[in-house]
Amino acid sequence: MTALLKLTTIETKLLVRDPGSLFSMLIPLFILVIFGSSIQAGDTVLLPMTLAIAIGMVGLYLLPTTLATYRERGILRRLSTTPLRPINLLIVQLVLQLVLALVACLLLLGVAGGVLGVHLPPRMLGPVVFFLIGTAAMFSIGLLIAALASSGRTANGIGVLMYFPMAFLAGLIQPADQMPTVMARIGEYTPLGAFRLGLQETWAGGSPSIPLILVLTAYTVILSTAAARFFRWE
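In this text, all values refer to a predicted model and were calculated from it rather than measured experimentally. (Residues numbered from 1 in each chain as written. Predicted model: local features only at pLDDT ≥ 70, side-chain atom pairs only at ≥ 80, totals over all residues. Heavy atoms only, no water.)

Colleague: Help me understand a nonpolar patch on the surface in this model?
Modeller: Judged by side-chain polarity, Ile87, Ile91, Val95, Val99, Val103 and Trp233 come together as a nonpolar surface patch covering roughly 480 Å² of accessible area. Here valine 95 is to be found in helix α5 (residues 86-114). (Patch = residues over 30% accessible without salt bridge, like charges linked within 9 Å, V, L, I, M, F, W, Y side chains within 5 Å. Areas by Shrake-Rupley, 256 points an atom, 1.4 Å probe, with all protein chains shown as cover. Salt bridge = Lys/Arg side-chain N within 4 Å of Asp/Glu carboxyl O. Helix = DSSP H or I, 4+ residues; strand = E, 2+ residues; numbered from the N terminus.)

In structure tokens form, the structure reads like this:
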């Protein structure tokens, strides 16, 4: 077994044992089931919302907390003295967190389709595009938090402080159509808001919105570049 494979195996076990991984799957599922009575009439709203919630939790909570904790404990510094460079741990974590996000979303889709009778959209290209680019945007925020936070606890606190205002503006806490027009409009241009709206529109059968794609792409490029600039291994 190669060193990289061993690292992947260890990190997978740690991620599975992390209570945060379970919460990131169960909280969106709980919301979906609790409000499932409305999904028959509005499945183009609730399911994309819970998908965005799941990705947001992984990107803003789990990813930055894990990486900042590793740096705080000196794990990244110790890896720098071995042939297995710290960048390998970063790549493994990104892949595993992406897999966790996919599992959480597949669980939501399975329950929505198998239990609540929700049908997949006729064209999946649009939702897939927004899932990928929206996930990239959420992960870039998480990487920037991890780059700037001095500890895992700080990273978690920053993630919480960012998530709830962003989720509110994105229409994940209160439906966007019940918010003041100006606030709802602002929310559409936040990372989580553009992600949610893009998923919702394409889930309903609409064409992918180019402005929303450009917004998410800009967030991804700018924030990931900043994260790379400020990230410290120790």
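Colleague: What is the right way to read the nonpolar core from this model?
Modeller: Membership of the largest hydrophobic core comes to 69 residues, with the highest contact counts inside it found for Leu32, Leu47, Met138, Tyr163, Leu172, Leu192 and Phe195. For this core, the element with the most residues is helix α3 (residues 39-72), which contributes 17 residues. (Core = buried A, V, L, I, M, F, W, Y, C linked by side-chain atoms within 4.5 Å. Buried < 20%, exposed > 50% of the residue type's maximum accessible area, 1.4 Å probe, protein only.)

Colleague: Sorry if this is basic, but what is going on with the packing of aromatic side chains here?
Modeller: The geometry of an aromatic ring pair comes down to the distance between the two centres and the angle between the two planes. Counting across every chain of the model gives two aromatic pairs. For the pair tyrosine 61 and tyrosine 163, a centre-to-centre distance of 5.4 Å together with 45° between the ring planes defines the contact as tilted. In this pair, tyrosine 61 is assigned in helix α3 and tyrosine 163 in helix α7 (residues 152-169), connecting sequence segments 102 residues apart. Take tyrosine 61 and tyrosine 163: they sit in the same class, and that class is buried. (Phe/Tyr/Trp six-rings, centres within 6.5 Å; stacked < 30°, edge-to-face > 60°.)

Colleague: Would you explain the pattern of salt bridges in this entry?
Modeller: Using the criterion set out here, one finds one salt bridge in the structure. In this structure, the salt-bridge partner of glutamate 188 is arginine 185, at a minimum N-O distance of 3.0 Å.

Colleague: I tried to follow the side chain of serine 140 on my own but got confused; where do I start?
Modeller: Relative to the helices and strands, serine 140 resides in helix α6 (residues 125-148). In this view, serine 140 contacts Tyr219, Thr220, Leu223 and Ser224; residues no more than four positions away in its chain are not counted. (Contact = heavy atoms within 4.5 Å.)

Colleague: How do you make sense of α6 when you look at a structure like this?
Modeller: Every α-helix winds through 3.6 residues per turn, so residues three or four apart in the chain are directed the same way. With 24 residues, α6 should reach 34 Å at 1.5 Å per residue; the first-to-last C-alpha distance of 35 Å fits that figure. Along α6, 18 of the 24 residues are buried, which leaves the element largely enclosed by surrounding structure. (Expected span 1.5 Å × (residues − 1).)

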